[in-house]
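Chain by chain, the residues run as shown.
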Amino acid sequence: MTKHTTDSGIEIKQTYTEAKPLKDVAGEFPFTRGIQPDMYRGKFWTMRQYAGFSTAEESNKRYKYLLANGTMGLSVAFDLPTQIGYDSDHMMSEGEVGKVGVAIDSLKDMEVLFDGIELEKITTSMTINATASTLLSMYIALAKKQGADISKISGTIQNDILKEYAARGTYIYPPKPSMRIITDIFEYCAKDVPKWNTISISGYHIREAGSTAVQEIAFTLSNAKAYAQAAIAKGLDINVFGQRLSFFFNAHNNFFEEIAKFRAARRMWARMSKELGATNPKAQMLRFHTQTGGSTLQAQQADNNIPRVTLQALAAVMGGTQSLHTNGFDEALSLPTENAARIALRTQQIIAFESGVVDTVDPMGGSYFVEALTDEVEAAAWKYIEQIDAMGGAVNAIEQGYMQKEIADASYKYQTAIESTEKVIVGVNKFTIKEEVAPPAFKINDSIRTVQTDKLNQLKNERDNNKVNTLLAELEQHAKDGTNVMPKIIEGVEAFATLGEVADVFRKTFGEYRA
């Protein structure tokens, strides 16, 4: 008899005829069935579309287009120079400005990015890590200029540096000072920007690097534990900062395993946070954003990505996500066109308004198969976490290369299965066609770096450079003596210090990390 397994290698029985009694209640510890008693009967998940490219002007047009088409929150993609702390005119930025996200060099760019958009009335997610403190500072500075009450603005910064060392690579500083900056953000926001989610602990990029579903939640929760322990060591209360922790997961094609993964992750974090001292239910809840799987998108027969994204989005909704981004079907070829972005958003809207899966809480709850699979995913994930704990925690495990090796091994195994056709990818290794017409690709203008450099030159000619230099010197002192750096970063960007200048202060103080 042929053996069937999930993508994580968990064996699937032919028939499931019994499961342990389901006593969990949605909205109550351990939140297996969802974090709200009524889930989507009361409120849909936030429908986001991840967007950002070229200049702030071009991205602003796309944001207004998405908002006009029913997007509930914005999700900002930044270009690589912005992510690794280089201004657009830096030699390391050449060829990358505006390519995989929007170029943000200063508060001036942030002002243009959100022109005509009231920050107090929307939620904004920003996929930024090493320079998260600076981008958040610019966002806060802009909110203040708009006259907003910063205690009321809401959104999320990814701010998850550990997964950068483990899987993605856009780190700047060594782990310990990076963790210090992150806990400074926790401390500052708890007091001044209490509705802001100060970190989005990301399994998404771990999965994109090739991990299994089990590894995705195991490594993500281990990283979350490390962040919580660092904050507690700083004297912060988990019952306060724990309420602003959020998570970011991937949704892949193995439909039932993905649903089980989301349910297991909620239950695991409830237990883990309680062991760390959380007594407030809101600090025990795992709230998460989901993005459909970028690595599952195929350039061949790109239209096939539409049903792939639909299945993945449906798994995220049936697994109880709080926020969702659906990928454009053409993203294996280029940044998404407006048409692809609209289809991706409409996919969410059809699930919400036409499918009926939102009408009851945890529609898969009580399924013999899903309940058993939830237990098995959880048990396999705990084995990884126990091994990481034995190594001294996530930071040590990353420094020793453990997570990186496990991800690489899983990725190799999966790719080998595709190449041998043991794993079928429709249109790639089976059901192929000889000739196909690729959809029109989205093109980025190569002159963006020149445009951004001209803006920077003008900015530096017009600002008070003596004031900027004084504030940067004060920021350096705070970085050295342990004073929370957030207030001084905000002062600096308000005076139009650039992202690269702030990053250089930390480079000088903390050094740069080399894997």
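Above this note sits the structure.
All residue numbers here refer to positions counted from 1 along the written sequence of the relevant chain. Selection of residues for local features in this predicted model requires a pLDDT of at least 70, selection of side-chain atom pairs for listing and counting requires 80 or more, and totals for whole chains, interfaces and linings are taken over all residues. Each side-chain value is derived from all of the structure's non-hydrogen atoms; neither hydrogens nor water enter the calculation.

(A) Region of interest: the sheet that holds strand 7 (residues 245-251). Paired strands, as defined in this entry, are two strands with at least two bridges between them according to DSSP. Note on conventions: DSSP H or I runs of at least 4 residues are helices, E runs of at least 2 residues are strands, and numbering of each starts at the N terminus. Spatially, the nine strands line up as an open sheet ordered 5-4-3-2-1-9-8-7-6, and their pairing is parallel. Two strands close off the open sheet at either side, each with one partner strand: strand 5 (196-197) and strand 6 (199-202). Where strand 4 (residues 154-157) lies against strand 5, two bridges are found, and the strand directions are parallel. Counterpart to Thr-156 in the pairing with strand 5 is Asn-197. Contacts between helix 1 (residues 56-68) and the sheet are confined to strand 1 (46-51) and strand 2 (73-77), with strand 2 contributing the most and set at about 150 degrees to the helix. The contact criterion used throughout is that any non-hydrogen atoms of two residues lie within 4.5 Å. Angles shown run from 0 to 180 degrees and are taken between the N-to-C directions of axes, each axis being a line fitted to C-alpha atoms and, for helices, limited to the stretch in contact. Against the sheet, helix 10 (residues 255-275) makes contact with strand 7 and strand 8 (288-292), and its axis sits at roughly 160 degrees relative to strand 7, the strand it touches most.

(B) Spatial organisation of the packing of aromatic side chains. Each Phe, Tyr or Trp ring, with Trp reduced to its six-membered ring, pairs with another whose centre is within 6.5 Å; inter-plane angles below 30 degrees give stacked pairs, above 60 give edge-to-face pairs, and intermediate values give tilted ones. Following the criterion strictly, the structure yields 25 aromatic pairs and no others. Judged by centre distance (5.1 Å) and plane angle (85 degrees), the ring pair of Tyr-171 and Tyr-513 falls under edge-to-face. Taken together, the positions of Tyr-171 in the loop between helix 5 (162-168) and helix 6 (175-192) and Tyr-513 in the segment after helix 20 (499-510) put the pair 342 residues apart, joining distant regions of the chain. Look at Tyr-513 and you get buried, because its relative accessible area is 18%. Among the aromatic residues, those joined into a ring-pair cluster are Phe-247, Phe-249, Phe-262, Trp-269 and Phe-288. Our definition puts a charge over a ring when NZ of Lys or CZ of Arg is within 6 Å of the ring centre and also within 35 degrees of the ring normal. Positioned above the aromatic ring of Trp-382 is the side chain of Arg-271, whose terminal nitrogen or guanidinium carbon lies 4.1 Å from the ring centre. Taking the ring centre of Tyr-86 as reference, the NZ or CZ of Arg-507 above it sits at 4.4 Å. Accessibility here uses a 1.4 Å probe with only protein chains present; expressed as a share of the type maximum, an area under 20% marks a residue as buried, one over 50% as exposed, and anything in between as partly exposed.

(C) Seen up close, the packing of helix 4 (residues 132-145) against helix 6. Orientation of helix 4 relative to helix 6, taken along the N-to-C sense of each, is 25 degrees, at an axis distance of 11 Å. What the angle tells us is that helix 4 and helix 6 run roughly parallel. Along its contact with helix 4, which presents Ser-133, Leu-136 and Ile-140, the element helix 6 presents Ile-181, Ile-185, Tyr-188 and Cys-189. Throughout this description, any angle smaller than 35 degrees is read as roughly parallel, any larger than 145 degrees as roughly antiparallel, any in the 65 to 115 degree range as roughly perpendicular, and the remainder as oblique.

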